[in-house]
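# Close look at the chain arrangement
Here is what each chain is made of, one letter per residue.
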Amino acid sequence: EDVVEGLEAGCNDYVSKPFNRLELLARISTQLRVKDAWREEVEHAKSTQLLRRMLPDHVIAKLKQNGSFIVEEHEDLSILFCNVVGFKSIGASLP
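Attention here is on the structure that accompanies the text.

Calculation notes
Residues numbered from 1 in each chain as written. Predicted model: local features only at pLDDT ≥ 70, side-chain atom pairs only at ≥ 80, totals over all residues. Heavy atoms only, no water. Patch = residues over 30% accessible without salt bridge, like charges linked within 9 Å, V, L, I, M, F, W, Y side chains within 5 Å. Areas by Shrake-Rupley, 256 points an atom, 1.4 Å probe, with all protein chains shown as cover. Salt bridge = Lys/Arg side-chain N within 4 Å of Asp/Glu carboxyl O. Helix = DSSP H or I, 4+ residues; strand = E, 2+ residues; numbered from the N terminus. Buried < 20%, exposed > 50% of the residue type's maximum accessible area, 1.4 Å probe, protein only.

## With respect to a nonpolar patch on the surface
Nonpolar side chains collect at one region of the surface, where Leu22, Leu25, Ile28 and Leu32 lie side by side and expose about 390 Å² of accessible area between them. Checked against the element boundaries, Ile28 lands in helix 2 (residues 21-54).

Encoded structure:
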């Protein structure tokens, strides 16, 4: 009954005593993978939300299809995306 209540309240797993060491390690590993997948999903959602604020939907669709380089011209919009290696350390050193 307590296990069901815990799971319904949002618990991801339940381990009863005495526990098997290998089973416990496998459960921990699974939960870490779930956490990593959730984190990736959150970051993807943030990126998508940011793109939707800056770009038209058809440009986002092309980026998702191609994933690298697209060229388009918009009279009222200019955007440059670039990845500068070491930018974080360069930015941190600026006053």
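Next comes the rest of the description.
## Here we look at the pattern of salt bridges
Applying the stated rule across the entire model yields three salt bridges. Taking the shortest distance from any N to any O, the salt bridge between Asp13 and Arg27 comes out at 2.4 Å. With Asp13 in the loop between helix 1 (2-8) and helix 2 and Arg27 in helix 2, this residue pair connects regions lying 14 residues apart in the sequence. We classify Asp13 as partly exposed; its relative accessible area is 25%. Residue Arg27 is classed as partly exposed on the basis of its relative accessible area of 26%. Here Glu43 and Lys46 are joined by a salt bridge, their closest N and O atoms 3.8 Å apart. Of this pair, Glu43 and Lys46 are both found in helix 2, three residues apart, which corresponds to roughly one turn of the helix.

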